[in-house]
Amino acid sequence: MSRFLITGGAGYIGSHTAKLLSRAGHEAVTYDNLSRGHRDLVRWGPLIEGDIRDTTLMCEALRWFKPDAVIHFAAFAYVGESVAQPGIYYDNNVAGSLSLLRAMMMAGTQNLVVSSTCATYGQPKNMPITEETPQEPLNPYGQSKLMMEQMCSDFSSAHGFHYMALRYFNACGCDPEGETGERHDPEPHLIPRALMAANGEIDRLDIFGADYQTPDGTCIRDYIHVSDLATAHMAAALHLMNGGASGALNLGTGRGISVREIIEATARVTGKPVPHHFAPRRAGDPAILVAATAKANAILDWKARHSGIDYIISTAWKWHQNESRQIRS
Ligand code: UDP
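Here's a quick rundown of the structure. From a predicted model like this one, the values you see are computed outputs, not experimental measurements.

**Focus: the pairing of strand β8 (residues 205-208)**
So, step 1. Only one face of β8 is buried: it carries L205 and I207, and the other face, with D206 and F208, is open.
So, step 2. Note: β8 against strand β13 (residues 276-279), four bridges, orientation parallel. Each residue of the ladder has a partner; that of I207, found in β13, is F278.

Listed below in structure tokens is the structure:
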């Protein structure tokens, strides 16, 4: 049994990872300030209510719990918000990660897995995107995550600690047992919004741009199930704990799906029409983002096994229906 401290464990991907670690027999403590996380999603270990920018509290938590690895999810993650309010992104994602790194050095914690993103690549010319593709982010969110990666690399060189940056593509789907899921307010993401449209909670889904250079004119993304992301985090932490090298890995499926295909799949899975209409492009949206997956496969012996699109949408639909029943009652 190993011990993991999960920052942002009350959030979407963090709570799925806490459940996986606990089910695998490990001990997981969540560290979260609940600014965007949810107390009721912390179900697989204790919660320390604290801010990652509170270096003293984080250091005390690390000295008390003595984790084998920290898994760092706590961050803001909306592209549009980061353009409007860059300061809160640099504060939480960059200063917060720096505070965590300092606390880890003070407490002598050796291993760190961090949430990064395909947004660090911007809009590369060639697909699929490999880890060697230049990182040229188009917005403060991607920039803040790139700065976090660079700090990890510098701290690793200077202090000999170990890290793995996991660059997710489009995280989606929910726990198949319906025990945790995606709860954002407001909800900007495509699949939850398509489910809201199918369920009559919004009048219609906006398709942001039908004039992209793609086969059906809509944007293409690489959608990966949150359970696959959770498995990769556990594998990355164990890799570091077993003396594996530091670095960065893409987490995706290698398969691109268009916005139109998501709408078709949502109608197929829910059995309901998804009212939609065409809207202007959303600022900062690249046309196509698809991951090259060979490196994560080779280093972690991992690949996405639960990321068929109908499965993704059916698990998200199950969670969505439970959530909307609870809101109504
Ligand atoms: N999208 C859309 N309508 C929406 C939300 C998203 O057409 O209401 C598109 C968006 O332009 C992008 C894709 O769906 O091409 C995925 O967007 P999402 O916000 O889910 O994730 P992102 O790719 O921004 O991380």
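The discussion continues.
**Points about the packing of helix α2 (residues 55-65) against helix α4 (residues 86-107)**
So, step 1. At a minimum axis separation of 8 Å, α2 and α4 run at an interaxial angle of 40°. Put simply, α2 runs oblique to α4. Handedness of the crossing formed by α2 with α4: right-handed. On α4, the residues touching T55, M58, C59, L62 and R63 of α2 are S99, L100, R102, A103, M104, M106 and A107.

**Notes on the pattern of salt bridges**
So, step 1. Scanning the model with the defined rule gives 18 salt bridges in all.
So, step 2. When the shortest N-O distance is used, the salt bridge between E179 and K19 registers 2.6 Å. Taken together, the positions of E179 in the loop between β7 (170-172) and α6 (190-198) and K19 in helix α1 (residues 12-23) put the pair 160 residues apart, joining distant regions of the chain.
So, step 3. Judged by relative accessible area, which is 6%, K19 ranks as buried.
So, step 4. In this structure, R39 engages E49 in a salt bridge whose closest nitrogen and oxygen atoms are separated by 3.0 Å.

**A few points about the pairing of strand β4 (residues 69-72)**
So, step 1. Burial along β4 is two-sided: A69 and I71 facing one way and V70 and H72 facing the other are all buried.
So, step 2. Where strand β1 (residues 3-7) and β4 come together, four bridges link them in parallel fashion. Along β4, the bridge assignment pairs F4 with A69.
So, step 3. Both β4 and strand β5 (residues 111-117) contribute to a ladder of three bridges, which runs parallel. Residue V70 lies in a different strand from β5, and its bridge partner there is L112.

**Digging into the nonpolar core**
So, step 1. Counting residues in each nonpolar core, the largest one holds 58 residues, and the members touching the most others are L166, I191, Y223, L251 and I309.
So, step 2. Core analysis: the second largest hydrophobic core is formed by 27 residues, L5, V29, M58 and A61 among them.

**Thoughts on the site of the ligand**
So, step 1. The local shell around the ligand holds 15 residues, among which L190, D206, F208, R282 and D285 are the closest.
So, step 2. Between N170 and the ligand, the recorded distance is 3.0 Å, taken from a side-chain N or O atom to an oxygen atom.
So, step 3. Contact distances for the ligand include 2.9 Å between an oxygen atom and a backbone N or O atom of F208.
So, step 4. Coverage of the ligand by the protein amounts to 88% of the 510 Å² it exposes when considered alone.
So, step 5. Elements supplying a minimum of two residues to the shell around the ligand: α6 and β8.
So, step 6. In terms of residue count, β8 provides more of the shell around the ligand than any other element does, four residues in total.
So, step 7. A breakdown of the residues in the shell around the ligand according to their chemical character gives eight nonpolar, two polar and five charged.

**A closer look at the layout of surface pockets**
So, step 1. Quantified by volume, the second largest pocket comes out at close to 410 Å³.
So, step 2. Lining the second largest pocket are 21 residues; nearest its centre among them are E182, E201, H320, E323 and I327.
So, step 3. Looking at the lining of the second largest pocket element by element, the count peaks at eight residues for helix α10 (residues 309-328).
So, step 4. Of the residues in the lining of the second largest pocket, the class split is eight nonpolar, six polar and seven charged.

**Some points on unusual backbone geometry**
Peptide bonds are, in most cases, trans, and in most cases residues other than glycine have a negative phi.
So, step 1. Each neighbour pair has its own omega, and for M127 with P128 the value is -10°, a cis peptide bond.
So, step 2. By secondary structure assignment, the location of P128 is in the loop between β5 and α5 (140-159).
So, step 3. Along the chain, D185 connects to P186 via a cis peptide bond; the corresponding omega equals 0°.
So, step 4. For P186, the location among the structural elements is in the loop between β7 and α6.
So, step 5. In this structure, L34 is a non-glycine residue whose phi angle is positive, near 60°.

Thresholds, definitions, all that
Residues numbered from 1 in each chain as written. Predicted model: local features only at pLDDT ≥ 70, side-chain atom pairs only at ≥ 80, totals over all residues. Heavy atoms only, no water. Buried < 20%, exposed > 50% of the residue type's maximum accessible area, 1.4 Å probe, protein only. Helix = DSSP H or I, 4+ residues; strand = E, 2+ residues; numbered from the N terminus. Pairing = 2+ DSSP bridges. Axes fitted to C-alpha atoms, helices over the stretch in contact; angles between N-to-C directions. Parallel < 35°, antiparallel > 145°, perpendicular 65-115°, else oblique. Left-handed = near helix turned anticlockwise from the far one by under 90°. Contact = heavy atoms within 4.5 Å. Salt bridge = Lys/Arg side-chain N within 4 Å of Asp/Glu carboxyl O. Core = buried A, V, L, I, M, F, W, Y, C linked by side-chain atoms within 4.5 Å. Near = heavy atom within 4 Å. Polar contact = N/O pair within 3.5 Å; in protein donor to acceptor, adjacent residues only side chain to side chain. Areas by Shrake-Rupley, 256 points an atom, 1.4 Å probe, with all protein chains shown as cover. Nonpolar A, V, L, I, M, F, W, Y, C, P; charged D, E, K, R; others polar. 1 Å grid on protein atoms, 1.4 Å probe; cavity = no way out; pocket = protein on both sides within 12 Å on 5 of 7 lines; lining within 4 Å. Points joined across faces, edges and corners; volume = space filled by probe spheres on them.

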